[in-house]
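# Topology and contacts: notes
Take a look at the letters that make up each chain.
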Amino acid sequence: MTLEQELELIEKAKQDKTAFLELYRAYLERIYKYCFLRLPTQEIAEDVTSKVFLKLVETIQDFDTSQGYRLSAWLFRVAHNEIVDYYRAKKPDNISWEIEDTPTNDDFADDYLKKITRKQQIAQVMPELNQRYQKIISLKFFAELETEEIAQQLSIKDDNVYVLLHRALKAFKQEYYKKFEKSERFI
Amino acid sequence: MAVQNKQQQSEKAEEFFDSAKDSAVMRSQFASQLEKQLEDKYITYYSSSMEDKPFWQNKKFLGGLAFAAVLTIFVSTLAIYQPWAQPQSGQQDQTEQMATTIGAELAYFEGGVEYNSEGGWQPVSESLSLSEGDMIRTLDDGRAIINLDDGSAVRLNYNSELELTALNPNDMQLTNVAGEVYSRVASLDRDFEIVTETLTYQSLGTAYTTFNTKAKQGVKVFHSKVNVENKDTGEETLVEEGKQYFKTEGEVKELSIEEVKKDEFALWNKKQDEQNEAFKDELGKLKDLTAPELKITNPANNATVEKSKITLKGSTEADATIKVKGQQVDNKDGQFIAEVSLKEGKNEIKVVASDAAGNTTQKTWKVTYKKAVAQTETQPIQEESSNSNGAEAGSIQITSVTTDSKGLKVNWNVSNLGDGNGFKVVYGLNPNPAYGVDNAIYVGDKNARNATISLKDGKTYNVRVCRYLANGSCDTYSNNMQKTAPESQSQTEPEQSISSANLSVNSEKLTWTTDTGTTGKGFKITYGATGTPPDYNGGNALTFVDALSYNTTKNGFYKVCAWDGGSGCTAISNVVEVSVF
């Protein structure tokens, strides 16, 4: 969807239920992925994703399309806050990082296990970073936003995105090394 | 070359995260279940909008979703003096970015306060420099004050967390993550905005506390005004000085003085503001929290005077009302003077200072009026017998004032002085100190010719000696002499610094000893999985321990560093290996 198309759809969604659900379907997977990569389990990711969209029902009417921002700005911001909240409420000891049994094709089981292990590692390291770093890493690599969009959301200049990202990755690496044995590492 | 490496790093990172993304598999029913939920909610939420009720009346604040709103403070400055922001050609992006950020410093902290600067949470140290991206949090007993280079001060209450999201002078963002944050903004041409998910607060040079806890989200305004904009409804509310606005209550209410007096955080902030040149004249509502100060500088309390009228002088808060003996007197910028008539004997003078909020401070000053004694009335026999030359007046002469280990030693002579009841050695910071007004020590022995005043503050004092009479007054003053009191030596011992640490291991437990035998400022433990661990550099510690042992949880190599309170060590231990897991 182009920006214009999206803004038009948002306006429609303020009055029309079908338009709203179209928006939902357009963004569901991205929001879910974003949440999943930062949270311990599928269940919790689903829970947070639901919260984000349920909130959207209440606030869609006030979304100001004249600002020219995509809906993603609002969605990722709310998702980020929910995730931060989750970790604040849960004491680190209460979080189980066990890998769930997900039914999958045996041929790809090994590969899947590697991927899910890495995901768990990432989700474990993220909360150790300060919020700004968490945001930029998730917006760039999980939400896959463009530099301009990222700059918009963080209220910085485009040029600064690169610099901030570089710092965030450095911090991420440091925290990652702290937590994981060399044999477990992928970097 | 450097740019290439950065790009490579970004690509590598992309690869790293990419592979993990594939594992994000959604349950098939999840999408359809959620869609149904949304559909239902949309219908119920907006059904009445199709009837006569305007849709904004259906808006409810999200109790169920109760996510903590993020308070962000925006500062956009109009005119900035930044000597360090001169553009320099050929500079790398990174240094240019660093050069233009405003500095922040942890000016004060008490109790448990931690910070997170790319390396996990660690306890803070005095005068810690903070930079963009850093976070600060206070524990149950912690409070902290952060000073920003632009003159603003941000103070955290207990259990609060703040992030210095961006410190770029054109775009300053501080995020109040949780708890209570009092913002004291250096006023002038700055626009301040506090933004939450649903509310925007705009203010101009104010003092206010923003709340972001599960129980309440909102603002209390102590000075100037705050404009609150509700993003959900578009409503704008002006919250003026002395008022408060909370999201759950949805309306502007009076900030009652009683309520604020119980707010310990507000009282603490008032004290801090009073000590700050830039803020002390802009206390606004905070001023009314405490009763006005009242000082009476002249005469001294319980003084005895020989005049029937005295000039009472004192100081108080600039706009307090002053009443002396029930009569209002002029308050000139905090100073007041009143002529008071005394009756013979003891007098009690009541002085009351009251402020606009009705707080009062009262002092009852006692002054005794004893008529000057004519030579013929008191102890005439004594006088006559000691005055051999009846016509010549007696006198006292201070010959010297020296310093000794206790303070100032005063030596004097007398000449033709009749016996009195000893002497008073009067001293003060102003010349010609007088008994009854300034401090004095009493020397009972009329034959004494020296005395020592205990003063060890290093200040310069003026000293006179006068003859003390039985009626409680002093006459026949000596000359005035000046002397600087000695200064007491500082008795504090310098903190012992650890200069060596010896590490040993038993199974999974690390134990170490230091040359001082103490734990000093605590220890940072560094770790290496396969080889020698790095030296601690301020951001690479495995953990911080304020003890002399640590139980490891993984195999590898360990080193212990005696923390210097900053980003280094005063001593580094040997390396040991753990291989029991």
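Residues numbered from 1 in each chain as written. Chains lettered and ligands numbered in written order. Predicted model: local features only at pLDDT ≥ 70, side-chain atom pairs only at ≥ 80, totals over all residues. Heavy atoms only, no water.

## Digging into the overall build of chain B
For the record, the criterion: Counting from the N terminus, the helices are DSSP H or I runs at least four residues long and the strands are E runs at least two residues long. Only protein chains enter the calculation, and the probe is 1.4 Å; a residue is then buried if its accessible area is under 20% of its type maximum, exposed if over 50%, and partly exposed in between. By definition in these notes, contact holds between two residues if any of their heavy atoms fall within 4.5 Å. Surface exposure here means Shrake-Rupley accessible area, sampled with a 1.4 Å probe, where a residue is shielded only by the protein chains that are shown.
When helices and strands are tallied, chain B shows 6 helices and 42 strands. Residue burial in chain B is summarised as follows: out of 581 residues, 44% are buried. Across chain B, contacts joining residues at least 24 apart in sequence account for 57% of those joining residues at least 6 apart. As presented, chain B carries roughly 29400 Å² of accessible surface, and 46% of it is formed by carbon and sulfur atoms.

## Brief notes about the interface of chain B and chain A
Convention followed: Accessible area, probed at 1.4 Å, shrinks when two parts are joined; the buried area is that loss added up over both. A carboxyl oxygen of Asp or Glu within 4 Å of a side-chain nitrogen of Lys or Arg is what we treat as a salt bridge. Between N or O atoms, a polar contact is any pair within 3.5 Å; within protein, one atom must be a potential hydrogen donor and the other a potential acceptor, and residues adjacent in sequence are included only when both atoms are from side chains. All amino acids are sorted into three groups, where Ala, Val, Leu, Ile, Met, Phe, Trp, Tyr, Cys and Pro are nonpolar, Asp, Glu, Lys and Arg are charged, and the leftover types, Gly among them, are polar.
Counting residues at the interface gives 72 residues for chain B, matched by 71 residues for chain A. Interface area for chain B against chain A, summed over the two sides, is near 6900 Å², with a carbon-plus-sulfur share of 56%. Counting across the interface, chain B meets chain A through 6 salt bridges. Put simply, A:Glu144 and B:Lys21 hold a salt bridge, and the shortest N to O gap is 2.6 Å. Applying the counting criterion to the chain B and chain A interface returns 25 residue pairs in polar contact (both at pLDDT 80 or more). If you list the elements that add at least two residues to the side of chain B that touches chain A, you get helix H1 (2–21), helix H2 (28–46), helix H3 (93–99), strand E9 (161–168) and strand E10 (171–184) of chain B. Residues of the side of chain B that touches chain A, tallied by class, amount to 32 nonpolar, 19 polar and 21 charged.

## Structural notes on helix H5 (residues 109–125) of chain A
Test applied: To estimate how far a helix should extend, the number of its residues minus one is multiplied by 1.5 Å.
In this model, H5(A) (17 residues) spans 24 Å end to end at C-alpha, consistent with the 24 Å of a helix rising 1.5 Å per residue. Among the residues of H5(A), those classed as buried are A:Tyr112, A:Lys115, A:Ile116, A:Arg118, A:Lys119, A:Gln120, A:Gln121, A:Ile122, A:Ala123 and A:Val125.

## Some remarks on the nonpolar core
Convention followed: Throughout, nonpolar core names a set of buried Ala, Val, Leu, Ile, Met, Phe, Trp, Tyr and Cys residues whose side chains join them through atoms within 4.5 Å.
Within the largest apolar cluster, 77 residues are counted, with the highest numbers of intra-cluster contacts made by A:Phe53, A:Ile137, A:Phe172 and B:Phe17. The biggest single contributor to this core is helix H2 (residues 17–38) of chain A, with 13 residues. With residues near it in sequence (within four places) discarded, B:Phe17 still touches A:Ile122, A:Ile137, A:Phe141, A:Phe142, A:Leu169 and A:Phe172. Ranked by size, the runner-up nonpolar core spans 19 residues in total, among them B:Val401, B:Tyr427, B:Val463 and B:Val465.

## Concerning the side chain of A:Glu46
By secondary structure assignment, the location of A:Glu46 is in helix H3 (residues 42–59). Among the residues examined, A:Glu46 registers a relative accessible area of 7% and is labelled buried. Apart from the residues lying within four places of it in its own chain, the contact partners of A:Glu46 are A:Tyr32, B:Arg27 and B:Phe30.

## So, the environment of B:Tyr369
Residue and element names in this part refer to chain B. Relative to the assigned elements, tyrosine 369 resides in strand E26 (residues 360–369). Of the residues examined, tyrosine 369 reaches a relative accessible area of 11% and is grouped as buried. Sequence separation between tyrosine 369 and lysine 307 is 62 residues, and the spatial gap between their C-alpha atoms is 6.7 Å.

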